[in-house]
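# Report on the structure
Spelled out from the first residue to the last, the chains are:
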Amino acid sequence: MTNHKTVLILDFGAQYSQLIARRVRELHVRSELVRYDTSAAEIRARAPAALILSGGPASVLAERSPMPDRDIFELGLPILGICYGLQVMGRMLGGEVAPASNREFGPASLFVDPKTSLFADMGEEIEVWMSHGDRVDQAPPGFLAVAWNDSSPIAAMEDPDRAFFGVQFHPEVNHTPRGIEMLAHFVHDVANCAPTWTMGAYAQRQVEALAERIGRDDRVLLALSGGVDSTVTAALLDRAIGDRLVCVFVDNGLLRLNEAEQVRERYKERMGLNLVSVDASDRFLGALDGVVDPERKRKIIGATFIEVFEAESARLGGFRYLAQGTLYPDVIESVSFKGPSATIKSHHNVGGLPERMKLELVEPLRELFKDEVRALGSELDLDESLIWRQPFPGPGLAVRILGAVTRRRLDILRDADHIVVDEIKRAGLYRGIWQSFAVLLPVQTVGVMGDERTYENVIAVRSVDSSDAMTADWTRLPYDLLARISARIINEVRGVNRVVYDISSKPPSTIEWE
Ligand code: XMP
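Residues numbered from 1 in each chain as written. Predicted model: local features only at pLDDT ≥ 70, side-chain atom pairs only at ≥ 80, totals over all residues. Heavy atoms only, no water.

Counted at 1.5 Å a residue, the expected span for helix H5 (residues 199-213) with its 15 residues is 21 Å, and the 20 Å between its end C-alpha atoms agrees. Among all positions of H5, only Met-199, Ala-201, Tyr-202, Ala-203, Gln-206, Val-207 and Leu-210 are buried. Tucked into the core, H5 has its buried residues touching helix H6 (228-241), strand E14 (360-362) and helix H12 (370-379). (Helix = DSSP H or I, 4+ residues; strand = E, 2+ residues; numbered from the N terminus. Expected span 1.5 Å × (residues − 1). Buried < 20%, exposed > 50% of the residue type's maximum accessible area, 1.4 Å probe, protein only. Contact = heavy atoms within 4.5 Å.)

In structure tokens:
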């Protein structure tokens, strides 16, 4: 990927840092997020075309606020500071930063100097999104104030000679309608990055790079879950090394209706992958027998998966590499400047697998965000149904059956879940929804069917909108659709006499019920 020019984003911990990276990529320029304190020497070694200093929650006026290496300003690179990044520039380059008299948060209008390059052709007034407590009161030597309003005398500044720019607002958010044009000007014109980062080019380069890295006699092992990440990883490797990629699919008995058969059919027959499928459902269900606690379920499923997968890999033998569908947000988690966050659920069920297996890792999606993985999947001609599958948790239906997991309860949930997804697809809503599924509750309620009194299970329907699963809101599904889902579940699934709809957002709830 070295042929693409890169914009490095120094991450000062803003909630929008990832978004800046995505916006740059949407402009077809490669971007990477690095820690705010990455040394100037390392930055030089990476040879980026430009730097962006992100926003951040700290105040440059506070003691020990995060500051970059002073020498980054001597690298001769164009630099754009956003919000906290602007204040860093203001402070480090000799201007004056002070607490704003009013914290400015939300939409704001700015007067701009239309002769300046960032706002060229934008008229004299622009709408922007602000979120800051400090402000630059005096621009550093060499800089001109190029945007202002009553609360911020220097809402943007630039030093045309050094190609340094700073903006107090957030050009990366949609609430700054012309923000993308400002970013485009910076990366395309100022930093001179041609828009060459396309998924087609990326796919081709990745395939070449994989083919080059993986020796002619080396074999690669991949745990295929059927989700979009492992599917796209498999497709890339399949193109690069063909049958030397061995995909192992573990049926843990906790999958959705007909899922195991579908995976076999789709991946083996249609995609022609070298697929080994292992039916380990008895083993998983045996290990889960009588287990009620959600975290214990996860641990058991994770540990059993590793045992099964290791045994299979030993049986097949001779692997040098383990491929994983790690995405960029997982990578950023480990580099960025963030406080420790408590483990709410142990999601990384198979964490530790690569270390244990002593295989070298291949992670061809490490640079990509989820939507880019989907675009890459399209580029590789994958079936739409594979690309647009909603996420499904590793522990599967076990964390959607509250209480102990039994075969009977799995069957009830599978049938109910199938109806939820089927109706949502029929309504044409499946793609736009982050996840939609059924949950089987550990309560029975009274009902009446015909002349009979019933005392049976409750199904909760969960459907959420989200862009990254970190936060989510319940989908405002049409009442008619909910009515159809409810009627079908109660009529078609034996053992269920009541359906409820979950109207909780995350936070404070979570997406899954366990
Ligand atoms: P929560 O329930 O924490 O879920 O809001 C956030 C996202 O993660 C998925 N999820 C999991 N994925 N193993 C996984 O691979 C897990 O143990 C697990 N728990 C939750 C969940 O489906 C949602 O997309």
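Here the narrative resumes.
Once that is clear, we can look at the nonpolar core. Core analysis: the biggest nonpolar cluster contains 49 residues, and Leu-221, Leu-254, Phe-309, Ile-424, Ile-459 and Ile-489 have the highest contact counts within it. Residue contributions to this core peak at eight residues, all from helix H14 (residues 407-426). Split by domain, this core shows at least three residues from each of two domains, domain 2 (199-387) and domain 3 (406-501). Apart from the residues lying within four places of it in its own chain, the contact partners of Ile-489 are Ala-416, Ile-419, Val-420, Ile-459, Val-461, Val-496 and Val-499. One finds Val-24, Leu-33, Val-167 and Val-187 within the second-largest nonpolar core, a separate group that totals 41 residues. (Core = buried A, V, L, I, M, F, W, Y, C linked by side-chain atoms within 4.5 Å. Domains from an automatic or database assignment.)

Moving on to the environment of Ser-101. Looking at where Ser-101 falls in the secondary structure, it is placed in strand E5 (residues 96-112). Spatially, the C-alpha atoms of Ser-101 and Arg-135 are 9.1 Å apart, while their sequence positions differ by 34 residues.

Turning to the confidence of the model for the chain, a few remarks are in order. Averaged over all residues, the pLDDT of the chain equals 92, while 95% of them reach at least 70. The low-confidence segment residues 336-343, where pLDDT is below 50, has seven contacts with residues more than four positions distant or belonging to other chains. (pLDDT = per-residue confidence, 0-100.)

Between Lys-506 and Pro-507 the backbone carries a cis peptide bond, its omega angle lying at -20 degrees. With respect to the helices and strands, the residue Pro-507 is situated in the segment after strand E18 (496-501). Backbone geometry at Asp-381 places phi at a positive 65 degrees, although glycine is not the residue there. By the element assignment, Asp-381 lies in the loop between H12 and helix H13 (384-387). With relative accessibility at 65%, the residue Asp-381 sits in the exposed group.

Quick look at the sheet that holds E14 now. The strand order E12-E11-E10-E13-E14 describes an open sheet built from five strands, whose pairing is parallel. Unpaired on one side and paired on the other, strand E12 (275-279) and E14 mark the two borders of the sheet. Each strand axis lies, on average, 30 degrees off the axis of its neighbour in the sheet, ignoring direction. In this sheet, E12 lies alongside strand E11 (residues 245-251) in parallel orientation, the contact comprising five bridges. Its bridge partner being in E12, Val-248 is matched across the sheet by Val-276. Lying on the sheet, H6 is in contact with strand E10 (220-223), E11, strand E13 (321-323) and E14; it crosses E10 at an angle near 160 degrees. The sheet contacts of helix H9 (residues 294-316) involve E10, E11, E12 and E13, and relative to E11 the element is tilted by about 145 degrees. (Pairing = 2+ DSSP bridges. Axes fitted to C-alpha atoms, helices over the stretch in contact; angles between N-to-C directions.)

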